[in-house]
Amino acid sequence: MFTVSAFPLDEAPWIPVLWTPAAQAGGQHLPPLVGLRTLLARSHEISSLAITAPPAYSAVLRTLYALTARVCALDEDADGSGEDWSERRLNILDAGRLPADGITAYFGAWAHRLCLFGERPWMQDPRLAEQCDPARSAGVNKLVPTRPSGNNHAWFTHVQDGDPDPVPAGEAALSLLTWHYYGPPGRGSARTVGGTASANMKAGPLRGALSYHPEGSTLFETLLAGLLHPDPQVSRTTDRCMWEWEELPDPDAPPPPVQGPCSRLTAVSQHALLLIPDPDDENVVTDAFITWAYRDGRLPRDDPFLIWQISQQGNPYPRPADSGRALWRDIDGLLLLKPGGTAQARHPEVFSPSHALEVSDVLDRPLAVRALGFEQQDGQAKDRQFVAGLTPPVLDRAEKTNPAVAPAVGWLRRTGELYGRRVQYAVRRACQLYTRETRPKEADNWAERAAALYWPQAEEEFWSRFDGLDTTGALLVEAGLDRNAARRAFLRIAERAYASVTEPVCHTQRGARAVADARTELYGGNRRPRS
């Protein structure tokens, strides 16, 4: 076992934060990095996390939701006061800060389990020191998602696999969390349990998915809005976070079942890790073991911050992270109770009336939505691109809050996407007619250029129309949306994108004819254009 300083995550600064303008004007010391204790105690002075990697941001939020529930005693439905769960949460919101006594009590009881190194390191399995071959560790390059390892390409940073740079302990903690939620399947460090060695890992519970989080004007509001109402039978004695387990689970047994919101958010990993610190410097990590947590079985994927869809085979799956898809295209899946469509999308559980909407309704400024994800190959160890987005304050337009807005929001999103599909098909068709080939190589480039021109402008148009929707209830017919004007606006954006992409070939007779013939696809094919 490693005999180094524990690096206590409750005290050591490791989470980057952005302070509110009011806090910055107060003249107090505002460190760029804080530990868990300071983060919770001063969450009302923090506007948001400043974590640059979206999957790490998403993973830290889930950890903070569980800690917030604990320190607020909102981890159980009843607390013996006679007040219901919603009333207790709103009382804390009215108080303007998380309860200091709850923070002191929790960290007083659990600080020993919040150390990155030691006999029971946080979110790690110390048994890997004996169960894995020290000569075949994973290495820190594999631990950090933005580093290349082995023969992989260097997309984010350039490092040498044979002589890797040590990782600061705080950054290693963020990478540790990223692995627990977004880790790939495939081969890891060989782990021997019960005389049988295996190296096959299963994918993490959020792999390839896009996560949606309600966001307030302070981290305090954000954390309270992201809490889940526990069922009456949930008990904090059984609904344990991973670091609260009395005993480490048996790797040969099925994963421990979820017992409530806290275990649902923090104890669903399919990976086991162990960070190896520098024996001479407790502030850096020099190696890591990364392997499977359970040889057989896995917990069902049922995360409350994902949009769930139904496949053609009838199986639920989370809406994937797509770096080419803007957040506004998911807005009806967040605001509407039944967004509709062939995918039968179900909005994230956290956006139900008894969760985030309840908080948004009592705030002076409605909650926004932050999207965080990692575009990844679900069944393979392929990471493509981080995905992130932040909407304006939108939850006052949720269907439960303002039913008249629901059809308008859904129609706006569908119409914007309709003309996006049409312009991409139209330029492909123009390329086919111009080259006289069924599948011209240039068609993909034309479509990508059209998409790059159309979608950013369509997003601006969407939010402009969205902001104009009536939220007072005075305009009962689609909240005052002018469908004809909106349709013409999206069409004009598509027409401009089409003209820009096809203009270079219009100087020839064949090109001009191809462009003119394919242009009808903007209007739905061989039909008269809308005026």
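Fair warning: this is a prediction, and the values are worked out from it, not measured in the lab. (Residues numbered from 1 in each chain as written. Predicted model: local features only at pLDDT ≥ 70, side-chain atom pairs only at ≥ 80, totals over all residues. Heavy atoms only, no water.)

Caption draft 1: Region of interest: the sheet that holds strand β1 (residues 15–19). Taking strand neighbours across the sheet as the criterion, the three strands line up as β2-β1-β3 in an open arrangement whose pairing is antiparallel. The open sheet has two edge strands with one neighbour each: β2 (33–34) and β3 (46–49). Inspection of the sheet shows β1 paired to β2 by two bridges, in the antiparallel sense. Within β2, the residue paired with Pro16 across the bridge is Leu33. (Pairing = 2+ DSSP bridges. Helix = DSSP H or I, 4+ residues; strand = E, 2+ residues; numbered from the N terminus.)

Caption draft 2: Expanded view of the nonpolar core. Grouped together as the largest cluster of nonpolar side chains are 155 residues, with contacts concentrated most on Trp14, Leu39, Leu49, Leu116, Trp122 and Tyr454. Of all the elements, helix α13 (residues 405–435) adds the most residues to this core, at twelve residues. For Leu39, the contacting residues outside a window of four places in its chain are Ile15, Val17, Val34, Ile46, Leu49, Leu64 and Leu219. (Core = buried A, V, L, I, M, F, W, Y, C linked by side-chain atoms within 4.5 Å. Buried < 20%, exposed > 50% of the residue type's maximum accessible area, 1.4 Å probe, protein only. Contact = heavy atoms within 4.5 Å.)

Caption draft 3: Representation of the pattern of salt bridges. Taken as a whole and assessed by the stated rule, the structure comprises 26 salt bridges. Where Glu76 meets Arg236, a salt bridge forms, and the shortest distance between an N and an O atom there is 3.4 Å. Within this pair, whereas Glu76 is found in the loop between α3 (54–71) and α4 (85–95), its partner Arg236 is found in the loop between α9 (219–225) and α10 (261–266), the two being separated by 160 residues in sequence. The exposure class of Glu76 is buried, given its relative accessible area of 16%. The shortest N-O distance in the salt bridge between Arg519 and Glu495 comes to 3.8 Å. Taken together, the positions of Arg519 in the segment after α16 (509–518) and Glu495 in helix α15 (residues 483–502) put the pair 24 residues apart, joining distant regions of the chain. Note on Arg519: relative accessible area 34%, which makes it partly exposed. Salt bridges here are not isolated pairs; linked through shared partners, they connect Arg319, Arg325, Arg329, Asp330, Asp332, Arg413 and Glu417. (Salt bridge = Lys/Arg side-chain N within 4 Å of Asp/Glu carboxyl O.)

Caption draft 4: Here's a closer look at the layout of surface pockets. Estimates place the volume of the second largest pocket at around 400 Å³. In terms of lining, the second largest pocket is formed by 23 residues, of which the most central are Thr52, Ala53, Glu171, Leu174 and Ser175. Of all the secondary-structure elements, those providing two or more residues to the lining of the second largest pocket are α3, β4 (167–168) and α8 (169–182). Looking at the lining of the second largest pocket, the element that brings in the most residues is α8, giving five residues. The residue makeup of the lining of the second largest pocket, split by class, is 15 nonpolar, six polar and two charged. (1 Å grid on protein atoms, 1.4 Å probe; cavity = no way out; pocket = protein on both sides within 12 Å on 5 of 7 lines; lining within 4 Å. Points joined across faces, edges and corners; volume = space filled by probe spheres on them. Nonpolar A, V, L, I, M, F, W, Y, C, P; charged D, E, K, R; others polar.)

Caption draft 5: Molecular detail of α4. When α4 is considered as a whole, its buried residues turn out to be Trp85, Ser86, Arg88, Arg89, Ile92 and Leu93. The arc that holds the buried residues of α4, viewed along the axis, is 165°, so those residues lie on one side. Facing away from the buried side of α4 by over 90 degrees, the exposed positions are Asp94 and Ala95. Against the buried residues of α4 lie α9 and α12 (356–362). You can read the cap of α4 off the contacts: a side-chain oxygen lies 3.3 Å from the backbone nitrogen of Ser86, and it is on Asp84. Of the residues flanking the end of α4, it is Gly96, one or two places downstream, whose phi is positive at about 85°. (Arc of directions from axis to C-beta. Polar contact = N/O pair within 3.5 Å; in protein donor to acceptor, adjacent residues only side chain to side chain.)

Caption draft 6: Main features of the pairing of strand β9 (residues 281–292). Sheet analysis places β4 next to β9, joined by two bridges and oriented antiparallel. When the sheet's bridge partners are listed, Val167 is paired in β9 with Val285. As judged from the eight bridges shared by strand β8 (residues 271–278) and β9, these two strands associate in the antiparallel manner. Looking across to β9, one finds that His271 is bridged to Trp292. In sequence, β8 turns back onto β9 through a hairpin of two residues.

Caption draft 7: Looking closely at the sheet that holds β4. Taken in spatial order, the three strands line up as β4-β9-β8 in an open sheet, and their pairing is antiparallel. Each edge of the sheet is formed by a strand with only one pairing partner; in this case those strands are β4 and β8.

Caption draft 8: Representation of empty space enclosed by the protein within the structure. Under the criterion given, the structure shown has four cavities of 30 Å³ or more. Computed from the structure, the largest cavity encloses a volume of approximately 210 Å³. Gln124, Asp125, Met242, Trp245 and Leu248 are, among the 21 residues lining the largest cavity, the residues nearest its centre. Residue contributions to the lining of the largest cavity peak at three residues, all from β8. Partitioned by chemical class, the residues of the lining of the largest cavity number twelve nonpolar, four polar and five charged. One number sums up the size of the second largest cavity: a volume of about 60 Å³.

Caption draft 9: Here's a closer look at the state of the cysteines. Summed over all chains, the structure comprises zero disulfides. Here Cys262 stays unpaired: no disulfide links it, and the sulfur of Cys241, its closest cysteine neighbor, is 4.5 Å away. Here Cys262 falls in the buried class, since its relative accessible area comes to 2%. (Disulfide = S-S within 2.5 Å.)

Caption draft 10: Representation of the environment of Leu227 in the model. Tracing the backbone shows Leu227 in the loop between α9 and α10. Given the relative accessible area of 2%, Leu227 is considered buried. When near neighbours in sequence (up to four residues on either side) are disregarded, Leu227 contacts Tyr65, Thr68, Ala69, Leu74, Trp85, Arg89 and His355.

Caption draft 11: Local environment of the environment of Ala73. Position of Ala73 among the secondary structure elements: in the loop between α3 and α4. Residue classification places Ala73 among the partly exposed positions, given a relative accessible area of 27%. Note: C-alpha distance between Ala73 and Arg88 (15 residues apart in sequence) is 8.9 Å. Residue contacts for Ala73: discarding those within four places in its chain leaves Arg88 and Arg236.

Caption draft 12: Seen up close, unusual backbone geometry. Residues other than glycine seldom take positive phi values, yet Phe7 does so here, at roughly 50°. Note that Phe7 resides in the segment before β1. Residue Met123 is not a glycine yet carries a positive backbone phi of 60°. Summarising the element assignment, Met123 is placed in the loop between α5 (100–110) and α6 (128–131).

Read these as spatial facts, not as claims about activity.
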